Amino acid sequence: PEAIGTCSMEVEKKSNNMKENEEQSKESVSSVINSHTLAFPSISTADFQFDLERASDIIVDTAAEFIQKHENGRLVLVDLSQKSRILSLVKDKASKKSIDSSRFFTFVGDITQLKSKGGLQCNVIANAANWRLKAGGGGVNAAIFNAAGEALQRATKECADTLRPGSSVCVPLPSTSPLHQKEGVTHVIHVLGPNMNPMRPDCLKNDYTKGCKILHDAYNSLFENFASIVK
Ligand code: AR6
């Protein structure tokens, strides 16, 4: 809303000075770019049972790298409860590292209702997916596929059949999807993180050397996919 407000204000201003107009349009373009926001859940730390301390280090490190490398785009780590331990760990570590809190922050809410319930417009959301990119199951994957409807399943199939751990795929969300219409989500980035749960495929059996590398790769892949949308 902030960016749209700025934009229409700029448009309403009438000036005969060409140079001034040029400056204004540059300004409004950059505020639109600045409004790109990625909301993402903590990958692998619930159903996939990845250690929260290690995960929070990786989230803060990769987010800091993103901010340093790219001029535009905000990152928001989301979880359902005020009591979320991963949110408080990340919040503490990010403030100790003095990371710019206007570009990376945490938010409590359902990732499928951020605009309507939380007043936070995020044009891109990430999903903690499974390797088959199948709807359902539990956690955030079920929530996102439910909220986005059939349109997301069809659009996902057009982009990929499977994911390998540590990678992600960016799916443009058709405007027919309720998640697009109600929440303003234009892209869903599916991410597959490392799995430490023996009841799920590709369990790493507590190998955190491999696990940390895969989680690091997963966030880098997610943030790079987001960066290409921002551009
Ligand atoms: N909004 C925001 N955050 C959520 C929501 C939501 N609606 N639902 C859950 N979370 P998980 P994983 C948080 O288990 O560990 C699936 O079945 C949750 O509190 O969804 O990567 C897939 O199909 C936690 O912080 O993902 C895979 O098989 C975070 O999202 C498997 O689970 C991730 O929790 C992936 O497991």
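Here, the structure is the one placed above.
Everything numeric here is computed off the predicted structure, so don't read it as measured data.

Visitor: In this structure, what is going on with the overall build of the protein chain? I would like to understand it.
Guide: Counting its secondary structure elements, the protein chain contains nine helices and six strands. Within the protein chain, the fraction of its 231 residues that count as buried is 46%. Put simply, 70% of the contacts in the protein chain that link residues at least 6 apart link residues at least 24 apart. Carbon and sulfur atoms make up 52% of the accessible area of the protein chain, which amounts to about 12,300 Å² in all.

Visitor: Is there a simple way to explain the packing of aromatic side chains in this structure?
Guide: Any aromatic ring pair is given by two values, namely how distant the centres are and how the planes are angled relative to each other. Inspection of the entire model under this criterion finds six aromatic pairs. Note on Phe40 and Tyr219: the rings are 5.8 Å apart at their centroids and 70° apart in plane angle, and the pair reads as edge-to-face. Here the residue Phe40 occupies a position in strand β1 (residues 37-41), and Tyr219 occupies one in helix α9 (residues 208-230), the gap between them amounting to 179 residues. According to the relative accessible area criterion, Tyr219 is buried, its value standing at 0%. Pairwise contacts between aromatic rings join Phe40, Phe66, Tyr219, Phe223 and Phe226 into one cluster. In this structure, Arg54 is placed above the aromatic ring of Tyr208, and the distance from its NZ or CZ to the ring centre is 4.1 Å.

Visitor: Even after reading the chapter, I still don't get the packing of helix α3 (residues 52-69) against helix α4 (residues 85-96), so can you show me in this structure?
Guide: When two helices pack together, their arrangement is given by the angle between the helix axes and the distance between those axes. At their nearest, the axes of α3 and α4 sit 9 Å apart, and the two run at 45° to each other. One finds that α3 runs oblique with respect to α4. Judged by the sense of rotation from one axis to the other, the crossing of α3 with α4 is right-handed. Here α3 contributes Leu52, Glu53, Ala55, Ser56, Asp57, Ile59 and Val60 to the contact with α4, which in turn contributes Arg85, Ile86, Leu89, Val90, Lys93 and Ala94. Per-class residue counts for the contact of α3 with α4 are eight nonpolar, one polar and four charged.

Visitor: What am I meant to see in the sheet that holds strand β3 (residues 104-108) here?
Guide: Adjacent strands of a sheet pair through backbone hydrogen bonds, lying either parallel or antiparallel. The strand order β3-β2-β1-β4-β6-β5 describes an open sheet built from six strands, whose pairing is mixed. The sheet is open, and its two edges are formed by β3 and β5 (168-172), each paired on a single side. Neighbour to neighbour, the strand axes of the sheet diverge by 25° on average, direction disregarded. Each of β1, β4 (124-128) and β6 (187-191) is contacted by helix α6 (residues 139-148), which is oriented at about 135° to β4, the strand it contacts most. Helix-sheet contacts for helix α7 (residues 150-159) involve β5 and β6, and the interaxial angle to β5 is about 125°.

Visitor: When you look at unusual backbone geometry in this model, what are you seeing that I'm missing?
Guide: With a phi close to 55°, Leu133 is a non-glycine residue in the positive phi region. Here Leu133 lies in the loop between β4 and α6. For Lys205, which is not a glycine, the phi torsion comes out positive at approximately 45°. Relative to the helices and strands, Lys205 resides in the loop between β6 and α9. Owing to a relative accessible area of 72%, Lys205 belongs among the exposed residues under this scheme.

Visitor: Honestly, the site of the ligand in this entry has me stumped. Any pointers?
Guide: The ligand sits among 22 residues. The nearest are Ser44, Asp47, Asp79, Asn130 and Val140. One nitrogen or oxygen atom from the main chain of Phe48 is found 3.0 Å from an oxygen atom belonging to the ligand. Computed on the free molecule, the ligand has an accessible area of 710 Å², of which 90% lies beneath the protein chains in the complex. Those elements that place two or more of their residues in the shell around the ligand are β2 (74-79) and α6. With four residues, the single largest contributor to the shell around the ligand is α6. Partitioned by chemical class, the residues of the shell around the ligand number eleven nonpolar, eight polar and three charged.

Visitor: Help me understand the pattern of salt bridges in this model?
Guide: Pairing is possible between side chains of opposite charge, provided their charged atoms come close. Enumeration over the complete set of coordinates arrives at seven salt bridges. Notably, a salt bridge pairs Asp61 with Lys97, separated by 2.7 Å at the nearest N-O pair. Residue Asp61 is found in helix α3, and its partner Lys97 is found in the loop between α4 and β3; the two are separated by 36 residues along the sequence. For Asp61, a relative accessible area of 31% translates into the label partly exposed. When its relative accessible area of 46% is taken as the criterion, Lys97 is described as partly exposed. One salt-bridge network, in which partners are shared between bridges, spans Glu53, Asp57 and Lys93.

Calculation criteria
Residue numbers restart at each chain and count upward from 1, following the sequence in its written direction. Reporting of local features is limited, given that this is a predicted model, to residues whose pLDDT is at least 70; pairs of side-chain atoms are given and counted only at 80 or more, and all residues count toward the totals for whole chains, interfaces and linings. Hydrogen atoms and water are omitted, and side-chain values are computed over all heavy atoms in the structure. What counts as a helix is a DSSP run of H or I of at least four residues, what counts as a strand is a run of E of at least two, and both are numbered from the N terminus. Classification of residues uses two cut-offs on accessible area relative to the type maximum, computed with a 1.4 Å probe and protein chains only: under 20% is buried, over 50% is exposed, and between them is partly exposed. Contacts are assigned to residue pairs with any non-hydrogen atoms lying within 4.5 Å of each other. To be clear on the numbers: accessible area is Shrake-Rupley with a 1.4 Å probe, and residue cover counts the displayed protein chains and nothing else. Classification of ring pairs rests on two measures: the distance between centres of Phe, Tyr or Trp rings, Trp counted by its six-membered ring, which must be within 6.5 Å, and the angle between planes, read as stacked under 30 degrees, edge-to-face over 60 and tilted in between. Should the NZ of a Lys or the CZ of an Arg lie within 6 Å of a ring centre and within 35 degrees of the ring normal, that charge is described as sitting over the ring. Lines are fitted to the C-alpha atoms to define the axes, a helix being fitted only along its stretch in contact, and any angle between axes, read from their N-to-C directions, falls within 0 to 180 degrees. Orientation categories follow fixed angle ranges, with anything under 35 degrees roughly parallel, anything over 145 roughly antiparallel, 65 to 115 roughly perpendicular, and all other angles oblique. Note on convention: the crossing is left-handed when the near helix lies turned anticlockwise from the far helix by less than a right angle, right-handed when the turn is clockwise. Three residue categories are used. Nonpolar comprises Ala, Val, Leu, Ile, Met, Phe, Trp, Tyr, Cys and Pro, charged comprises Asp, Glu, Lys and Arg, and polar comprises the others, including Gly. Note on pairing: two strands pair once DSSP finds at least 2 bridges between them. Think of it this way: one heavy atom of a residue within 4 Å of a molecule or strand is enough to make that residue near it. Any pair of nitrogen or oxygen atoms within 3.5 Å is treated as a polar contact; in protein, a donor-acceptor pairing is required on top of that, and neighbouring residues in sequence qualify only through side-chain atoms on both sides. Whenever a carboxyl oxygen of Asp or Glu lies within 4 Å of a side-chain nitrogen of Lys or Arg, that contact is scored as a salt bridge.

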